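The residues making up each chain are set out below.
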Amino acid sequence: MSRQLTLNAFLMSTGHHEASWRLPESDPGAARKVEHFQNLAKIAERGAMDSVFFADSPSLFNNPARRPPTTLEPTLLLAAMASVTERIGLIATASTTYEEPYNLARRFASLDAISNGRAGWNVVTTAALDAGANFGYTENPTHAERYARADEFVEVVLGLWDGWDDDAEVGDKASGVHTDPAKIRSLEHHGQHFSVRGPLTVGRSEQGRPVIVQAGSSGPGIALAAAYAEAVFTAQRTLEEGQKFYRELKQATTEYGRNPDHVKVLPGIVPIIGGTEEEALAKERELDDLLVHTHALQQLASDIGVPADQIDLDAPLPTDIRPAEKIEGNRTRYELTVELARRDNLTVRQILAKLAGGRGHRTLAGTPEQIADSMHTWFVNGAADGFNVMPAAMPSGLEDFVDHVIPVLRKRGLFRYDYDGSTLREHYGLPVPGRQGRHAEALGAAS
């Protein structure tokens with residue numbers, strides 16, 4: 001079979017446009033309702049999409065007046081979604097900054113067991129001071145410190161997941177042996193940040209262990225992805241920027257001794273779909289007209305380090321903004337936003353509309369054929385292996401993508417008609433992993 005797109009459905013309450021909750025058809029309380037997300041998972045699975053994905057943060061994302069602030073714990077939510085689906089992958093975000101490796105490894109291994117091998121962990125670090133305060137910290141670690149901790153954190157989690165052989169559970173009623181003790185090993189990790197004995201209380205799943213996903217495009221982020229990631233969620237707005245990131249990541253993966261085909265580069269896109277281009281643009285305007293500029297301006301002002309009352313909505317971005325090196329979180333996204341504003345000479349009002357749709361990700365308003373054209377261009381020109389699909393409004397935007405864009409992609413031979421396997425690794429075309437990392441020798445060869 002020829003190379004095909006990887007497509008994830010990035011789920012967020014009523015949609016990725018921050019004003020989506022104000023649409024007449026939207027349920028402002030959807031973020032608290034398991035049934036809402038179960039329905040979204042079934043829609044995505046109907047389209048044979050590779051996975052559903054949740055972002056997460058250990059603190060409120062933003063001003064709770066601005067958009068639905070509720071974010072249920074994603075692995076619990078995905079476990080509920082696993083019960084109403086059969087094939088689609090289930091990816092949750094969890095931070096290495098304020099989690100502990102053992103608890104995280106156990107939680108994701110449990111989700112992987114519950115779903116019969118469909119789990120994935122999106123590895124992130126957390127810079128928000130509000131998050132640190134929830135764990136008793138008055139200062140946050142620096143960008144470099146967060147990634148040093150993240151590197152060791154992922155090594156420990158992988159070591160715990162690899163502590164069981166695939167055939168450790170024998171269930172031999174005749175001999176009275178349920179699980180072979182020789183096939184479960186302690187980790188005995190003693191490092192700079194963590195001391196973890198192990199072993200984990202959950203064995204390996206049908207896919208071996210959860211898929212490692214990573215979100216972050218900074219230098220340390222690329223290094224972390226090159227070492228461990230099997231999919232990378234990223235944000236570039238132009239084909240040239242996408243190609244540059246794609247080359248850098250694939251090269252870094254090769255230099256690390258890994259197969260670059262085993263790392264999927266998945267930029268985010270926000271599709272707004274209409275039967276005609278005019279209809280799609282009208283949908284986009286309807287959402288933008290619902291934007292409360294005072295809420296969005298406060299966030300932008302905080303990001304750029306300029307008081308909100310000194311920013312003119314109908315003028316370009318101020319010149320005296322905070323330099324990128326002063327940004328501790330989402331630095332690459334900040335740089336992309338500033339570059340977009342300068343390159344296209346956008347007013348602040350226009351910038352806020354761009355950010356409202358998908359926080360800097362590309363918004364594509366058009367017909368199903370136009371959306372497919374753009375995806376095809378990035379796919380065949382070395383800028384993406386697939387996409388993190390971020391519907392502006394849900395469930396309607398996800399239904400439009402599944403019912404109208406995916407059929408176009410299928411006709412072009414770019415996407416499957418049905419699943420070829422049952423695990424997330426099979427969907428991504430990834431092998432079941434052997435042991436990896438600095439604990440591999442201590443744990444022994446892969447079974």
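Up top is the structure.
Here the structure is a predicted model, which is why all the values come from computation and not from measurement.

J.: Describe unusual backbone geometry, listing the residues and the values that go with them.
T.: With an omega of 0°, the peptide bond between G198 and P199 qualifies as cis. Between M394 and P395 the backbone carries a cis peptide bond, its omega angle lying at 15°. Non-glycine residue S13 carries a positive phi angle of around 35°. Tracing the chain through its elements places S13 in the loop between β1 (6–10) and α1 (34–46). On the accessibility criterion, S13 (7% relative accessible area) is buried. At A48, a position not held by glycine, the phi torsion is positive, near 60°. Tracing the sequence through the fold places A48 in the loop between α1 and β2 (51–54).

J.: Tell me about the nonpolar core, and please be specific about residues and values.
T.: One finds L7, M49 and W121 to be the most contacted residues of the largest nonpolar core, which totals 93 residues. Ranked by residue count, the leading element in this core is helix α5 (residues 143–161), at 9 residues. Ignoring anything within four residues of it in the chain, the contact list for L7 reads M49, D50, S51, M375, F387, V389, F401, I406, L409 and F415. In terms of nonpolar packing, the next biggest core, distinct from the first, is built from 18 residues, L291, L317, V338 and L340 among them.

J.: Before we move on, could you go through the environment of E152 and cite the residues and values that matter?
T.: By secondary structure assignment, the location of E152 is in helix α5. Along the chain, E152 and T96 lie 56 residues apart, while their C-alpha atoms are 9.4 Å from each other. A polar side-chain atom of E152 sits 3.0 Å from the main-chain amide nitrogen of H193.

J.: Hey, could you go over the packing of aromatic side chains for me, with residue numbers and the actual values?
T.: What the rule picks out here adds up to 9 aromatic pairs. Taking the centre distance of 5.1 Å and the plane angle of 5° together, the rings of Y98 and F135 count as stacked. Of this pair, Y98 sits in the loop between β3 (89–95) and α3 (101–114) while F135 is found in the loop between α4 (129–133) and α5, placing the two residues 37 residues apart along the sequence. You can call F135 partly exposed: its relative accessible area is 41%. The rings of F108, W121, F153, W161 and F194 are connected pair by pair, giving a single aromatic cluster.

J.: A description of the pairing of β1 should follow, citing residues and the corresponding values.
T.: Burial of β1 is extensive: 5 of the 5 residues sit out of reach of the surface. Here β1 runs beside strand β13 (residues 386–389); their pairing, made up of 4 bridges, is parallel. What sits directly across from L7, in β13, is F387. Looking at chain direction, β1 and β2 are connected through 3 bridges and run parallel. Pairing of F10 across the sheet is with F53, part of β2. You can see the chain leave β1, run along α1 and come back into β2, and the turn it takes is right-handed.

J.: So, the environment of L104: which residues are in play, and what are the values?
T.: Position of L104 among the secondary structure elements: in helix α3. In sequence terms L104 and A94 are 10 residues apart; their C-alpha atoms lie 7.8 Å from each other. For L104, the residues in contact, after removing those within four places along its chain, are A94, E99, W121, F153 and V157.

J.: I'd like a rundown of the pairing of β3, residues and numbers included.
T.: Most of β3 is tucked away, with 7 of its 7 residues classed as buried. Burial along β3 is two-sided: the residues G89, I91, T93 and S95 and L90, A92 and A94 are all buried. When β2 meets β3, the two strands line up parallel, connected through 4 bridges. When the sheet's bridge partners are listed, F53 is paired in β3 with I91. Bridge count between β3 and strand β4 (residues 119–124): 6 bridges; the pairing is parallel.

About the criteria used
Residues numbered from 1 in each chain as written. Predicted model: local features only at pLDDT ≥ 70, side-chain atom pairs only at ≥ 80, totals over all residues. Heavy atoms only, no water. Helix = DSSP H or I, 4+ residues; strand = E, 2+ residues; numbered from the N terminus. Buried < 20%, exposed > 50% of the residue type's maximum accessible area, 1.4 Å probe, protein only. Core = buried A, V, L, I, M, F, W, Y, C linked by side-chain atoms within 4.5 Å. Contact = heavy atoms within 4.5 Å. Polar contact = N/O pair within 3.5 Å; in protein donor to acceptor, adjacent residues only side chain to side chain. Phe/Tyr/Trp six-rings, centres within 6.5 Å; stacked < 30°, edge-to-face > 60°. Pairing = 2+ DSSP bridges. Right-handed = clockwise from strand over helix to strand, strands pointing away.

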